[in-house]
Amino acid sequence: MPGNSQRKGAIRKSSKRPTAGSGGRVKRGLEGRGPTPKAADRPNHKAHKLRAKSERDAARRPRKRSTAGDEWIAGRNAVVEALRAGVPVSGLYVAEGAERDGRLREAFKIAADGGVSLLEVTKGELDRRTDGAVHQGLAARIPAYEYAHPTDLLDAAAERDEAPLIVALDSVTDPRNLGAVVRSASGFGAHGVVIPERRAARMTAAAWKTSAGAAARIPVAHATNLVRTLKEFQDAGCQVVGLAATGDLTLPDLLADPDLASGPLVVVVGSEGDGLGRLVSETCDRLVSIPMSSSLESLNAGVAASITLYALSQHR
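Nothing here was measured: the structure is a model prediction, and the numbers come from that model.

Conventions adopted
- Residues numbered from 1 in each chain as written.
- Predicted model: local features only at pLDDT ≥ 70, side-chain atom pairs only at ≥ 80, totals over all residues.
- Heavy atoms only, no water.
- Helix = DSSP H or I, 4+ residues; strand = E, 2+ residues; numbered from the N terminus.
- Contact = heavy atoms within 4.5 Å.
- Areas by Shrake-Rupley, 256 points an atom, 1.4 Å probe, with all protein chains shown as cover.
- Salt bridge = Lys/Arg side-chain N within 4 Å of Asp/Glu carboxyl O.
- Buried < 20%, exposed > 50% of the residue type's maximum accessible area, 1.4 Å probe, protein only.
- Phe/Tyr/Trp six-rings, centres within 6.5 Å; stacked < 30°, edge-to-face > 60°.
- Pairing = 2+ DSSP bridges.
- Axes fitted to C-alpha atoms, helices over the stretch in contact; angles between N-to-C directions.
- Parallel < 35°, antiparallel > 145°, perpendicular 65-115°, else oblique.
- Left-handed = near helix turned anticlockwise from the far one by under 90°.
- Nonpolar A, V, L, I, M, F, W, Y, C, P; charged D, E, K, R; others polar.
- Expected span 1.5 Å × (residues − 1).
- Polar contact = N/O pair within 3.5 Å; in protein donor to acceptor, adjacent residues only side chain to side chain.
- 1 Å grid on protein atoms, 1.4 Å probe; cavity = no way out; pocket = protein on both sides within 12 Å on 5 of 7 lines; lining within 4 Å.
- Points joined across faces, edges and corners; volume = space filled by probe spheres on them.

Trainee: Honestly, the overall build of the chain in this entry has me stumped. Any pointers?
Mentor: Helices and strands together make up the secondary structure of the chain, namely 12 helices and 11 strands. Taking as baseline every contact in the chain between residues at least 6 positions apart, the subset at least 24 positions apart corresponds to 80%. Approximately 19,200 Å² of the chain is accessible, and the part contributed by carbon and sulfur atoms is 48%.

Structure representation (structure tokens):
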């Protein structure tokens, strides 16, 4: 029988190893495949290229600042007065077809000189942005004020190598009073003003206008809890004095004490009607009264702060 013949029924031997797995695929061919990637995740797919282009375009575009906390000034007189006072207007909006009078032309000129953007919108759009206020075809947008932290005021004094002089307001709700205090604080050498976050006036357009631009030169800080903030100032070495009609110390007495008048000092001013709150009053190291020649009900916050700060500046 020839060497390459094979009898019927014999098993043919082969050098190839038997295959494994279904369909004759080897086991390692089935490992690590996982699900098919999405189209946007495949580098050569059109969807992936479109997404990459979109991401590049988004990175090139300037990011828009949120305007959720912005304030609006509506009306020609109000807008012109705000621009004259140096209120930080970020955009001037005029209604299409608005009559060009002297006030509108002045607003345009101040805005152009100050680099303020001017946008023309429909009357309906201006109504929506100003919540239906009587805008007379002109409105201005003011960005939300960026408050400092109370400790920033101590840092400002340290940078100037001066003893801190800080004004804190307790329950002052009139923004014009706040603006007046900010103006006096800036003019008489204080390092900042502290206001509570709640139940107190904020740096609105009215406060900016009353400050006559001083709000851009001196920091205003938010205190989450005024009593706690005053205690932190005390821990930092400051004396805290509150202005009160029934104070145990007069303003001339304060000036006669060099440790108080020339040292690190926080002056707390209360509201015209209620004065200092009980906890704030108890936290103060001393209560100071401003002597007057006649029986007057009380001085408002702006006037009381101005008198005290002027006296301190002359002494310092």
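Trainee: I would appreciate a short explanation of the pattern of salt bridges in the present structure.
Mentor: Pairing between side chains becomes possible if they bear opposite charge and their charged atoms approach one another. Scanning the entire structure with this criterion turns up 13 salt bridges. A salt bridge links Asp101 to Arg103; its shortest N-O distance comes to 2.9 Å. A salt bridge links Arg286 to Asp248, with the shortest nitrogen-to-oxygen separation between them at 3.2 Å. Taken together, the residues Arg286 in strand E11 (residues 286-289) and Asp248 in the loop between strand E8 (239-243) and strand E9 (249-250) connect sequence positions 38 residues apart. Judged by relative accessible area, which is 30%, Arg286 ranks as partly exposed. If you follow the salt bridges from partner to partner, you end up with Arg76, Asp101 and Arg103 in one network.

Trainee: Just to check I follow, could you spell out the packing of aromatic side chains for this structure?
Mentor: Centre distance and the angle of the planes are the two values used to describe a pair of aromatic rings. Scanning the model with the defined rule gives 4 aromatic pairs in all. Consider the rings of Trp72 and Tyr93, whose centres lie 4.9 Å apart with planes at 65 degrees: the pair is edge-to-face. Taken together, the positions of Trp72 in strand E1 (residues 71-74) and Tyr93 in strand E2 (residues 91-95) put the pair 21 residues apart, joining distant regions of the chain. For Tyr93, a relative accessible area of 4% corresponds to the buried category. With 4.8 Å between their ring centres and 70 degrees between their planes, Tyr145 and Tyr147 make a pair best called edge-to-face. Judged by its relative accessible area of 25%, Tyr147 is partly exposed. Through successive ring pairs, a cluster of aromatic residues spans Tyr145, Tyr147 and Trp208.

Trainee: What am I meant to see in the sheet that holds strand E5 (residues 165-170) here?
Mentor: Working definition: the strands of a sheet are paired by backbone hydrogen bonds and lie parallel or antiparallel to each other. With respect to topology, 7 strands assemble into an open sheet ordered E7-E6-E5-E10-E8-E11-E9, the strand pairing being parallel. Looking at the sheet topology across the chains shown, the edges are occupied by strand E7 (220-223) and E9. Judged from the 3 bridges that link them, E8 and E11 form a sheet pairing that is parallel. Within the sheet, the bridge partner assigned to Leu243 lies in E11 and is Val288. Strands in contact with helix H12 (residues 301-315) are E5, E8 and strand E10 (265-270); relative to E10, the strand with the most contacts, it is inclined by about 160 degrees.

Trainee: Can you help me understand the packing of helix H2 (residues 76-84) against helix H3 (residues 102-113) in this one?
Mentor: Angle between the axes and distance between the axes are the two parameters that describe a pair of packed helices. Remark: H2 packs on H3, axes separated minimally by 10 Å, with the N-to-C direction vectors making an angle of 30 degrees. The angle between H2 and H3 falls in the class roughly parallel. Once H2 is placed against H3, the crossing between them reads as left-handed. Between H2, through Arg76, Asn77, Val80, Leu83 and Arg84, and H3, the contact on the second element is made entirely by Arg103, Leu104, Glu106, Ala107 and Ile110. A class-by-class count of the residues in the contact of H2 with H3 yields 5 nonpolar, 1 polar and 4 charged.

Trainee: So what exactly am I meant to see when it comes to H12 here?
Mentor: Side chains three or four residues apart in an α-helix point the same way, a direct result of the helix having 3.6 residues per turn. Taking 1.5 Å as the rise per residue, H12 with 15 residues should run 21 Å; its terminal C-alpha atoms sit 21 Å apart, in good agreement. Of all the positions in H12, only Ala301, Gly302, Ala304, Ala305, Thr308, Leu309, Ala311 and Leu312 are classed as buried. N-cap assignment for H12: the residue whose side-chain oxygen lies 3.2 Å from the backbone N of Gly302 is Asn300.

Trainee: Can you help me understand the layout of surface pockets in this one?
Mentor: Here the largest pocket is characterised by a volume of approximately 450 Å³. Along the wall of the largest pocket there are 24 residues; nearest its centre are Leu243, Ala244, Ala245, Ser298 and Leu299. Looking at the lining of the largest pocket, the elements with two or more residues in it are E10, E11 and H12. Among the residues making up the lining of the largest pocket, the classes are represented as 12 nonpolar, 9 polar and 3 charged. Taken as a whole, the second largest pocket encloses approximately 360 Å³ of empty space. Lining of the second largest pocket is provided by 16 residues; of these, Pro196, Arg198, Arg199, Thr224 and Leu226 occupy positions nearest its centre. Mapped by element, the contributors of at least two residues to the lining of the second largest pocket are helix H8 (226-235) and helix H11 (278-283). Here the lining of the second largest pocket gets 3 residues from one element, more than from any other, and that element is H11. Residues belonging to the lining of the second largest pocket are distributed by class as follows: 6 nonpolar, 5 polar and 5 charged.

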